[in-house]
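For reference, the chains in residue letters:
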Amino acid sequence: MENNAVDISFEDRMKEIKEKAKQRRIVTKDKILQLFTTLKFNSLAFDKVEVKYAGSGDSGAIEDINFYNEDKMLFSKFVGYAHEEQSVNIPKDSALTDALKKDIHHNPTVCKLIGHIEDITYDMLEERHGGWEINDGQEGEFTFTFENDSIQINHDYTVFHYESHQYEEKF
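Computed from a predicted structure; not experimentally measured.

Trainee: I'm lost on the overall build of the protein chain in this one. Help?
Mentor: When its secondary structure is counted, the protein chain shows 3 helices and 6 strands. Secondary structure of the protein chain in N-to-C order comes out as α-β-β-β-β-α-α-β-β. What you see for the protein chain is a C-alpha radius of gyration of 21 Å, clearly larger than the 16 Å of a compact globule of 171 residues, by over 25%. Based on the C-alpha atoms only, the size of the protein chain along its principal axes is roughly 80 × 55 × 30 Å. By sequence separation, contacts in the protein chain at least 24 residues apart represent 51% of the contacts at least 6 residues apart. As displayed, the protein chain offers around 11600 Å² of accessible surface, 48% of which is attributable to carbon and sulfur atoms.

Set out below in structure tokens:
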């Protein structure tokens, strides 16, 4: 079997990666909207999800996913601890039902939704900001608003600037 990877240019490879990310994003968006409808029907009403991410030094990750309803946080999920109870923060004034508060960390529909939100976030980062995890790094936030099916992306680049001057003179 031949390795055709060396037969295409870096630019063409990047275009291919971005196109695949775009196609996955389209499929994932539909899955997210279906799960949103299912959760809304099953009494988990939320209208906005914020996803915070950061990267530098050749690694990066989604850090937190926050669920809101009418600008009040329902719960926050620290992504690093998949289905563990301590990965979920529920504010005291959360509008979640007692049953949801107890089981939100391993609710299968919520877990699927979080997985799809992670997928679409990574795909959109790859599509729009490839290399976001490299060097000085980049960070930002995706805000999914379900009222109008939109995503707002706030993306910050970290750039360190160095200047060096060298002179030789007669004294």
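Trainee: Even after reading the chapter, I still don't get the pattern of salt bridges, so can you show me in this structure?
Mentor: Following the criterion strictly, the structure yields 8 salt bridges and no others. Arg-24 is paired through a salt bridge with Asp-123; the nearest N and O atoms lie 2.7 Å apart. With Arg-24 in helix α1 (residues 10-41) and Asp-123 in helix α3 (residues 108-129), the pair connects residues that are 99 residues apart, well separated along the chain. Using a relative accessible area of 40% as the deciding quantity, one classes Arg-24 as partly exposed.

Trainee: What am I meant to see in the packing of aromatic side chains here?
Mentor: The description of an aromatic ring pair uses the distance of the two centres, along with the angle that the planes make with each other. Tallied over the full model, the rule gives 9 aromatic pairs. Pairing Phe-46 with Phe-146 gives two aromatic rings, centres 5.4 Å apart and planes at 90°, and the pair type is edge-to-face. Of the two residues, Phe-46 sits in the loop between α1 and β1 (48-56) while Phe-146 sits in the loop between β5 (138-145) and β6 (150-157), which places them 100 residues apart along the sequence. Neither residue differs from the other here; Phe-46 and Phe-146 are each classed as buried. Within the aromatic cluster, the residues linked to one another by ring pairs are Phe-36, Phe-46, Phe-67, Phe-75 and Phe-146. Geometry around Tyr-68 places Lys-48 over its ring, the cationic atom sitting 4.9 Å from the centre.

Thresholds, definitions, all that
Just so you know, the residues in each chain are numbered from 1, in the order the chain's sequence is written. With pLDDT at 70 or above as the cut-off, local features in this predicted model cover only qualifying residues; side-chain atom pairs require 80 or more to be listed or tallied, and sums for whole chains, interfaces and linings still use all residues. Derived side-chain values reflect all non-hydrogen atoms in the structure, with water molecules and hydrogen atoms excluded from consideration. Numbering of helices and strands runs from the N terminus; a helix is a DSSP stretch of H or I covering at least four residues, while a strand is a stretch of E covering at least two. Throughout, radius of gyration means the C-alpha value; the globule benchmark is 2.2 Å times the number of residues raised to the power 0.38. Contact criterion: two residues are considered in contact whenever any of their non-hydrogen atoms come within 4.5 Å of each other. Reported accessibility uses the Shrake-Rupley method at a 1.4 Å probe radius. Residues are deemed covered only where the shown protein chains occlude them. Any Lys or Arg side-chain nitrogen located within 4 Å of an Asp or Glu carboxyl oxygen qualifies as a salt bridge. Relative accessibility thresholds used throughout: buried, under 20% of the residue-type maximum; exposed, over 50%; partly exposed, between the two (1.4 Å probe, protein chains only). Any two rings among Phe, Tyr and Trp, with Trp reduced to its six-membered ring, count as a pair given centres within 6.5 Å; such a pair is stacked if its planes are under 30 degrees apart, edge-to-face if over 60, and tilted if neither. Here, a charge over a ring means that NZ of Lys or CZ of Arg falls within 6 Å of the ring centre while also lying within 35 degrees of the ring normal.

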